[in-house]
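Below, each chain spelled out in residue letters.
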Amino acid sequence: MFLKTSGFKRLLKEAYKGRGLHIGGTENTTILAGSYWAIEVFSHEIPKEKLAAIIELFGRLPNPGERWLLTKDGAQSELDIYDDYRAMENIRGLPVKTNYTRLLISTGGGTFRVLQAGNGRIDLIDETVREMISQEEIQPGHGKLKGPFLNGREDRVFFSNDNMALQIFPTRPSPTGHSLELFEYLEAFDLNGEDNGPDVPEEDSEEEEEEDA
């Protein structure tokens, strides 16, 4: 898993103390989600430090088919509404590469990093989440960190490696809000994004390398 343990714990507890932490299981994976993020990871490959953080809140890993909402008031069973949180599934399709820029925007809701795609599209992700992501956290044999990139619908930002996917619902302006003008202004410029990984997931990158050869 490419999230620092301290950051992973922060995401879980932030959700648990807020609107609730969604936790569920599939045949092979564990799903965790807050209000603006979702993680899907192979259950048998969760590092012990992060496994301990899950057990601290839920007591165990969820069984396949289980869906729960955890809050300070307890655990409540949920209906099968987890398709939106299936990060490994949602990442598929034709990803659009997006890059970190040097710009940070501070609001009452926190500090956000500006991302810009090749078509000029601007998205914001929480800077504290960006700082949690690290290639150094990945265990041997679990592949390299890929991302950030957008899915085909361009409504969420993804990072992934061979055993985990993280999706973030980026901040976008309201069609009637004043911030829309700022987004439209920024999208007219090349903000010199810093490249941070391959343009597409690894399997597609390999195909490009073969063509170049």
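Residues numbered from 1 in each chain as written. Predicted model: local features only at pLDDT ≥ 70, side-chain atom pairs only at ≥ 80, totals over all residues. Heavy atoms only, no water.

**Brief notes about the overall build of the protein chain**
Within the protein chain, the regular secondary structure consists of 6 helices and 11 strands. Expressed as a percentage of the 213 residues in the protein chain, the buried residues total 47%. Sequence separation of at least 24 residues holds for 58% of the intrachain contacts in the protein chain that already meet a minimum separation of 6. Summed over its atoms, the accessible surface of the protein chain is roughly 11,300 Å², and 47% of this surface lies on carbon and sulfur atoms. (Helix = DSSP H or I, 4+ residues; strand = E, 2+ residues; numbered from the N terminus. Buried < 20%, exposed > 50% of the residue type's maximum accessible area, 1.4 Å probe, protein only. Contact = heavy atoms within 4.5 Å. Areas by Shrake-Rupley, 256 points an atom, 1.4 Å probe, with all protein chains shown as cover.)

**Points about a nonpolar patch on the surface**
The grouping of Leu182, Tyr185 and Phe189 at the surface amounts to a nonpolar patch, some 310 Å² of accessible area in total. Residue classification places leucine 182 among the partly exposed residues on the basis of a relative accessible area of 37%. (Patch = residues over 30% accessible without salt bridge, like charges linked within 9 Å, V, L, I, M, F, W, Y side chains within 5 Å. Salt bridge = Lys/Arg side-chain N within 4 Å of Asp/Glu carboxyl O.)

**Brief notes about the environment of leucine 79**
As for its position among the elements, leucine 79 is in the loop between strand S5 (74-77) and helix H3 (87-90). The exposed category is assigned to leucine 79, whose relative accessible area is 69%. Between the alpha carbons of leucine 79 and tryptophan 68 there is a distance of 8.5 Å; along the sequence they are 11 residues apart.

**Some words on the sheet that holds strand S8 (residues 122-126)**
If you walk across this open sheet you meet the 11 strands as S5-S4-S1-S2-S3-S11-S10-S9-S6-S7-S8, and the pairing is antiparallel. With one partner strand each, in any of the chains shown, S5 and S8 form the two edges of the open sheet. Strand-to-strand twist across the sheet, computed as the mean angle between neighbouring axes with direction ignored, equals 25°. Relative to S8, strand S7 (residues 110-117) runs antiparallel, the two sharing 5 bridges. The residue of S8 that forms the bridge with leucine 115 is aspartate 123. In this fold helix H1 (residues 5-17) packs onto strand S1 (21-25), strand S2 (29-33), strand S3 (37-42) and strand S4 (67-71), with an angle of close to 125° to the strand it touches most, S3. In the packing of helix H5 (residues 179-186) onto the sheet, contacts are made with strand S6 (96-107), S7 and S8, and the angle to S8 comes to roughly 115°. (Pairing = 2+ DSSP bridges. Axes fitted to C-alpha atoms, helices over the stretch in contact; angles between N-to-C directions.)

**Side note on the side chain of glutamate 127**
Tracing the sequence through the fold places glutamate 127 in helix H4 (residues 127-132). Judged by relative accessible area, glutamate 127 falls into the buried class, the value being 8%. Here the side chain of glutamate 127 touches arginine 130 through a polar contact of 2.8 Å, side chain to side chain. In this structure glutamate 127 touches Leu104, Thr111, Phe112 and Arg113, once residues within four positions along its chain are discounted. (Polar contact = N/O pair within 3.5 Å; in protein donor to acceptor, adjacent residues only side chain to side chain.)

Remember that the coordinates give geometry; whether it matters functionally is a separate question.
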